[in-house]
Amino acid sequence: MAERNPKYDVLRGLAIVFVLVIHISADFILAAPTTNTYIIVNIVNKLFTTAVPTFVALTVFLGLKSGKKRGPLYFLKKALPLVVLYLIWTAIYIAYYMEYGGLIMPETDILVQKFLLQGQSCYHMYYIVMLLQLYIVIALLSHVPVKKLRPNPWLPLIAVALQMGVLGLFIKFIIFKYWFYNTAVFVFFYLTSITYGVCLAANSNRTEAFFKRFWWLYALIMILTALIRAWLFTNTAIFGDNFVQRNLSENIAWELFIFGGVPVMFLLAELLKNFSPLALLGRHSLGIYFAHPLVLFFVEEWFHFNTKPQQIPLGMIVKFAAAIVAALIFSLIMEGLKWLFLTLGRLIARGFTAIKLKLGKKA
C-alpha cells in the first residue's frame, strides 16, 4: 500500500473546514440581509466555496496518479461503502425533516428520484451522488494515457471555456434548471476541477510548480471573482427578468473562480502540511461531511442564532465548534463500526478456512 501523504489529508481538512464555513455563513446571510455584517459574511461565503472543487480535483488526482487502469472492481470498492453510508444518512435526514420540518413521507417515485438519485434529502447530499459519478469518470479516464500528457497551467482554461459555452446553450434554451437537477450532469459542473486533477496526475511536481509560480494570479482571480459573485448575489434585480443574462454572468464568475481557487487551496495545504489538527479533520472529512448539517440544525434549534443578527459572530463560532466536535465524534463512531464489521468479517472468514482445513484433513 502506498504511503499516505499528510499534505493531502491537510488539504481535505482545509476543504471540510471551508464546507462548514459555507453552510454556517449561508444561514446568517438569510438572517441579516440589510446589515453591514451581511456584506462581509456574503463575501466570506463566496471565498470559501473552493471546498467542493478542491475535493473533486483531489479525488481525480489520487484516482489517476498511479497510472493503473481502473475497472468495475475499482468502482465497486469505492462505491459500495459510500452507498451504504449514503442510504443511512438519507434515512436520517428524511426522518429529521419529517419530525421537525413538516415533511410528509413522499410517494415512492419521488423518494427514489428526488431523495435517492438526486441527493435532495438534505442540501449537501448531492455531493455524494456526484462522488459516485466521479468514480465512473476516474475509471474511464484511467484508460487514457494521462501520464503522457504535458501539464500546462492554462489547460484548465480550456475546460472553463468549454463548460461556459455548453452551459450557455443550456441556459439559452431554458433547460438549465432541468439539467442542474438531473443527476447525469452533476459532475459536468466541475469540469475545470477534473482537468486540474488530470494535470496533477500527469505530473504533480510540474503542475504544483506552476501553482507556485503564478500564485499571485490565481489568488487575484479567486478574490476578484468571489467579490463579483457576492455582488451578483446581492444585486440580482439589475438583470430584471433576464434569466439567461443573470445565469450566464453567475456561471462565468463561478468557472473563473474555480480556475483560481483550486491552485490556491493546494498552495495553502503545502504551507500547512505539518498542521496535524487539519490532517485529523481531513482523515475524517467524509464523516464530518455527512453529519455536520444535523449538528447545525440542532444547534440552531437550541440557540436561535439566525433570528439574532447582532449575534452573527458568536453564532458562527459556536456553530463551527459544535459542528467540528459532534461531526468528528460521529465520524469516529462510523470508523469504529467499520473496524468492527471488518474484524467480524475476517474472523468469520478465518473460521470457515479452519473448518475447511479440518474437513480436508479428515477426508
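In this numbering scheme, every chain counts its residues from 1 along its sequence in written order. At least 70 in pLDDT is required for a residue's local features to be given in this predicted model, at least 80 for side-chain atom pairs to be given and counted, and no such filter applies to totals for whole chains, interfaces and linings, which use all residues. For the side-chain quantities, the full set of heavy atoms in the structure was used; hydrogens and water were omitted.

### A few points about the overall build of the protein chain
Thinking step 1. Helix and strand assignments come from DSSP, with helices taken as H or I runs of at least 4 residues and strands as E runs of at least 2, each series counted from the N terminus. On a plain count of helices and strands, the protein chain comes out with 15 helices and 0 strands.
Thinking step 2. Burial here depends on accessible area, computed with a 1.4 Å probe over protein chains only, as a share of the maximum for the residue type. Under 20% is buried, over 50% is exposed, and the range in between is partly exposed. For the protein chain, buried positions account for 45% of its 363 residues.
Thinking step 3. Only heavy atoms matter for contacts: two residues are in contact if any of them lie within 4.5 Å across the pair. Pairs at least 24 apart in sequence give 84% of the contacts found in the protein chain among residues at least 6 apart.
Thinking step 4. For the protein chain, the accessible area works out to roughly 19,300 Å², and carbon and sulfur atoms hold 70% of it. Only the protein chains shown count as cover for residues, and the accessible areas themselves come from Shrake-Rupley with a 1.4 Å probe.

### What about the nonpolar core?
Thinking step 1. To qualify as a nonpolar core, a set must consist of buried Ala, Val, Leu, Ile, Met, Phe, Trp, Tyr and Cys residues joined through side-chain atoms within 4.5 Å. Trp-89, Tyr-127, Tyr-190 and Phe-266 are the most contacted members of the largest nonpolar core, which totals 87 residues.
Thinking step 2. Looking at this core element by element, the count peaks at 14 residues for helix α1 (residues 6-31).
Thinking step 3. Those residues in contact with Tyr-190 that lie beyond four places of it in its chain are Val-52, Pro-53, Val-56, Tyr-126, Met-130, Gln-163, Trp-254 and Ile-258.

### Points about the pattern of salt bridges
Thinking step 1. Between Lys or Arg on one side and Asp or Glu on the other, a salt bridge is scored when a side-chain nitrogen of the former is within 4 Å of a carboxyl oxygen of the latter. For the structure shown, the criterion picks out 4 salt bridges.
Thinking step 2. Taking the shortest distance from any N to any O, the salt bridge between Lys-7 and Glu-270 comes out at 3.1 Å. Here Lys-7, found in helix α1, pairs with Glu-270, found in helix α12 (residues 243-271); they are 263 residues apart in sequence, far enough to count as distant.
Thinking step 3. Residue classification places Lys-7 among the buried residues on the basis of a relative accessible area of 10%.
Thinking step 4. In this structure, Arg-12 engages Asp-9 in a salt bridge whose closest nitrogen and oxygen atoms are separated by 3.1 Å. Taken together, the residues Arg-12 and Asp-9, both in helix α1 and 3 residues apart, mark about one turn of the helix. Note on accessibility: Arg-12 and Asp-9 belong to one class, buried.
Thinking step 5. One continuous salt-bridge network, built from bridges that share partners, spans Lys-7, Glu-208, Glu-270 and Lys-273.

### Description of the packing of aromatic side chains
Thinking step 1. Only Phe, Tyr and Trp rings take part, Trp by its six-membered ring, and two of them pair if their centres are within 6.5 Å. Stacked means planes under 30 degrees apart, edge-to-face means over 60, and tilted covers everything else. Under the criterion given, the structure shown has 22 aromatic pairs.
Thinking step 2. With centroids separated by 5.8 Å and ring planes inclined at 35°, the aromatic side chains of Trp-89 and Tyr-93 adopt a geometry described as tilted. Taken together, the residues span about one helical turn, with Trp-89 and Tyr-93 both in helix α4 (residues 72-100) at a distance of 4 residues.
Thinking step 3. Relative to Phe-297, the ring of Tyr-93 lies with its centre 6.4 Å away and its plane at 90°, an arrangement referred to as edge-to-face. Of this pair, Tyr-93 sits in helix α4 while Phe-297 sits in helix α14 (residues 285-303), and the two are 204 residues apart along the sequence.
Thinking step 4. What makes Phe-297 buried here is its relative accessible area of 15%.
Thinking step 5. Taken together through their ring pairs, the aromatic side chains of Trp-89, Tyr-93, Tyr-96, Tyr-97, Tyr-100, Tyr-123, Phe-290, Phe-297 and Phe-298 make up a single cluster.
Thinking step 6. Criterion for a charge above a ring: Arg CZ or Lys NZ at most 6 Å from the ring centre, at most 35 degrees from the ring normal. A cation sits over an aromatic face here: Lys-46 above Phe-233, 4.1 Å from the ring centre.
Thinking step 7. Above the ring of Phe-257, the side-chain terminus of Arg-229 is found at 5.0 Å from the ring centroid.

### Some thoughts on helix α9 (residues 191-202)
Thinking step 1. By definition here, a helix of n residues has an expected span of 1.5 Å times n minus one. Relative to the 16 Å expected for 12 residues at 1.5 Å per residue, α9 spans 16 Å between its end C-alpha atoms, a close match to the ideal helical length.
Thinking step 2. With 11 of 12 residues buried, α9 lies mostly within the body of the structure.
Thinking step 3. Within α9, burial applies to Thr-192, Ser-193, Ile-194, Thr-195, Tyr-196, Gly-197, Val-198, Cys-199, Leu-200, Ala-201 and Ala-202.

### A short note on a nonpolar patch on the surface
Thinking step 1. Surface patches are drawn from residues lacking salt bridges whose relative accessible area is over 30%; two like charges belong together within 9 Å, two nonpolar side chains (Val, Leu, Ile, Met, Phe, Trp, Tyr) within 5 Å. Residues Val-325, Ile-329, Ile-333, Leu-337, Trp-339, Leu-340, Leu-344, Leu-347 and Ile-348 make up a contiguous nonpolar surface patch of roughly 870 Å² in combined accessible area.
Thinking step 2. Checked against the element boundaries, Val-325 lands in helix α15 (residues 312-362).

### Some words on helix α13 (residues 276-283)
Thinking step 1. Taken as a whole, α13 has its buried residues at Leu-278, Ala-279, Leu-281 and Gly-282. The buried side chains of α13 occupy one side of the element, clustering within an arc of 160° when seen end-on. Here the arc refers to the set of directions running from the helix axis out to each C-beta atom.

### Looking at the environment of Leu-268
Thinking step 1. Along the chain, the position of Leu-268 falls in helix α12.
Thinking step 2. For Leu-268, a relative accessible area of 30% gives the class partly exposed.

### Looking at the side chain of His-23
Thinking step 1. When you line up the elements, His-23 lands in helix α1.
Thinking step 2. Residue His-23 is classed as buried on the basis of its relative accessible area of 16%.
Thinking step 3. Here a polar contact is recorded for every N or O atom pair within 3.5 Å, except that within protein the pair must consist of a potential hydrogen donor and a potential acceptor, and residues adjacent in sequence are included only if both atoms are side-chain atoms. Only 2.7 Å separates the side chain of His-23 from the side chain of His-292, close enough to count as a polar contact.
Thinking step 4. Apart from residues lying up to four places away in sequence, His-23 is in contact with Tyr-123, His-124, His-292 and Leu-296.

### Focus on the packing of helix α10 (residues 204-213) against helix α11 (residues 215-234)
Thinking step 1. Two elements in contact, α10 and α11, have axes whose closest approach is 4 Å; the angle formed by their N-to-C orientations is 70°. Of the possible angle classes, the one that applies to α10 and α11 is roughly perpendicular. Of the residues in α11, those in contact with Phe-210, Phe-211, Lys-212 and Arg-213 of α10 are Trp-215, Trp-216 and Tyr-218.
Thinking step 2. Three classes are used, and their members are as follows: Ala, Val, Leu, Ile, Met, Phe, Trp, Tyr, Cys and Pro are nonpolar, Asp, Glu, Lys and Arg are charged, and the others, Gly among them, are polar. Grouping the amino acids of the contact of α10 with α11 by side-chain chemistry returns 5 nonpolar, no polar and 2 charged. The axes used here are C-alpha line fits, helices contributing only the stretch in contact, and every angle between their N-to-C directions lies in the interval 0 to 180 degrees. Oblique is the label for any angle not covered by the other classes, which are roughly parallel (under 35 degrees), roughly antiparallel (over 145) and roughly perpendicular (65 to 115).

### Digging into the confidence of the model for the protein chain
In low-pLDDT segments, the atomic positions of the prediction should not be examined closely.
Thinking step 1. A score from 0 to 100, pLDDT tells how confident the predictor is in each residue. Mean pLDDT over the protein chain: 80, with 79% of residues reaching 70 or higher.
Thinking step 2. At the level of individual helices and strands, the protein chain shows its lowest average pLDDT in helix α8 (residues 176-181), which scores 46, and its highest in helix α3 (residues 51-64), which scores 94.
Thinking step 3. Counting contacts from residues 172-184, a segment whose pLDDT is below 50, to residues more than four positions away or on other chains yields 25 contacts.

### With respect to the environment of Ile-39
Thinking step 1. If you trace the backbone, Ile-39 turns up in helix α2 (residues 36-47).
Thinking step 2. Distance in space between the C-alpha atoms of Ile-39 and Ile-29 is 8.3 Å, their sequence separation being 10 residues.

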